[in-house]
Amino acid sequence: MKILAVCGFGVGSSMVLKMTLDKVTKELGVQATVENTDLSTAKATTADAYFTSSELLNELKNSVKGPVFPVKKYMDKNEVKGQMEKFLNERSEQT
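Residues numbered from 1 in each chain as written. Predicted model: local features only at pLDDT ≥ 70, side-chain atom pairs only at ≥ 80, totals over all residues. Heavy atoms only, no water.

### Concerning helix 3 (residues 54-61)
Then, number 1: Within helix 3, the full set of buried residues consists of Leu56, Leu57 and Leu60. Taken around the axis of helix 3, the buried residues stretch over an arc of 130 degrees, which confines them to a single face. Those residues of helix 3 that are exposed and aimed more than 90 degrees away from the buried face are Glu55 and Asn58.
Then, number 2: Residues of helix 3 that are buried make contact with strand 1 (2-7), helix 2 (39-43), strand 3 (49-52) and strand 4 (68-70). (Buried < 20%, exposed > 50% of the residue type's maximum accessible area, 1.4 Å probe, protein only. Helix = DSSP H or I, 4+ residues; strand = E, 2+ residues; numbered from the N terminus. Arc of directions from axis to C-beta. Contact = heavy atoms within 4.5 Å.)

Okay, structure coming up:
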């Protein structure tokens, strides 16, 4: 499974979100490749899920086919875990 952590420039905040997503996927036992990227690249990249800020949510949702999940506090493992669990639940309902 491929997960993208997305921010405006693909440097600082998306790297922080990527590190939190790495911890969460490991804790949940989910095998995933987590990458951080900028908004433009994310729009052209296929992934199973996209995690980003509320500010970029609508623009990203309108540009990609996969589900997009907003995260307010990138270092808050509980918030990120909640969004990851939401994604996993939605994914399992589809199969």
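### Quick notes on the packing of helix 1 (residues 12-28) against helix 4 (residues 77-94)
Then, number 1: Two elements in contact, helix 1 and helix 4, have axes separated by 9 Å at closest approach and are oriented at 60 degrees. Here helix 1 is positioned oblique relative to helix 4, judged by the angle of their axes. When you trace helix 1 past helix 4, the crossing you get is right-handed. Contacts from Leu17, Thr20, Leu21, Lys23, Val24, Thr25, Glu27 and Leu28 in helix 1 reach Lys77, Val80, Lys81, Met84, Glu85 and Leu88 in helix 4.
Then, number 2: In terms of residue class, the contact of helix 1 with helix 4 is built from seven nonpolar, two polar and five charged. (Axes fitted to C-alpha atoms, helices over the stretch in contact; angles between N-to-C directions. Parallel < 35°, antiparallel > 145°, perpendicular 65-115°, else oblique. Left-handed = near helix turned anticlockwise from the far one by under 90°. Nonpolar A, V, L, I, M, F, W, Y, C, P; charged D, E, K, R; others polar.)

### A word on the pattern of salt bridges
Then, number 1: Applying the stated rule across the entire model yields six salt bridges.
Then, number 2: For the salt bridge of Glu59 with Lys43, the shortest nitrogen-to-oxygen distance reads 2.7 Å. Linking Glu59 in helix 3 with Lys43 in helix 2, this pair joins segments that are 16 residues apart in sequence.
Then, number 3: Note that Asp48 and Arg91 form a salt bridge whose closest N and O atoms lie 3.4 Å from each other. One end of the pair, Asp48, is in the loop between helix 2 and strand 3; the other, Arg91, is in helix 4, and 43 residues separate them in sequence.
Then, number 4: Judged by relative accessible area, which is 29%, Asp48 ranks as partly exposed.
Then, number 5: Through salt bridges with shared partners, one network takes in Glu27, Lys77 and Lys81. (Salt bridge = Lys/Arg side-chain N within 4 Å of Asp/Glu carboxyl O.)

### Quick look at the nonpolar core
Then, number 1: With 14 residues, the main nonpolar core has Ile3, Leu17, Leu21, Phe51, Val71, Val80 and Met84 as its most contacted residues.
Then, number 2: Sorting the residues of this core by element identifies strand 1, helix 1, strand 3 and helix 4 as the ones contributing at least two each.
Then, number 3: Apart from residues lying up to four places away in sequence, Leu21 is in contact with Ile3, Ala5, Val34, Phe51, Val80 and Met84.
Then, number 4: Membership of the second largest hydrophobic core comes to 11 residues, among which are Ala42, Tyr50, Leu56 and Leu57. (Core = buried A, V, L, I, M, F, W, Y, C linked by side-chain atoms within 4.5 Å.)

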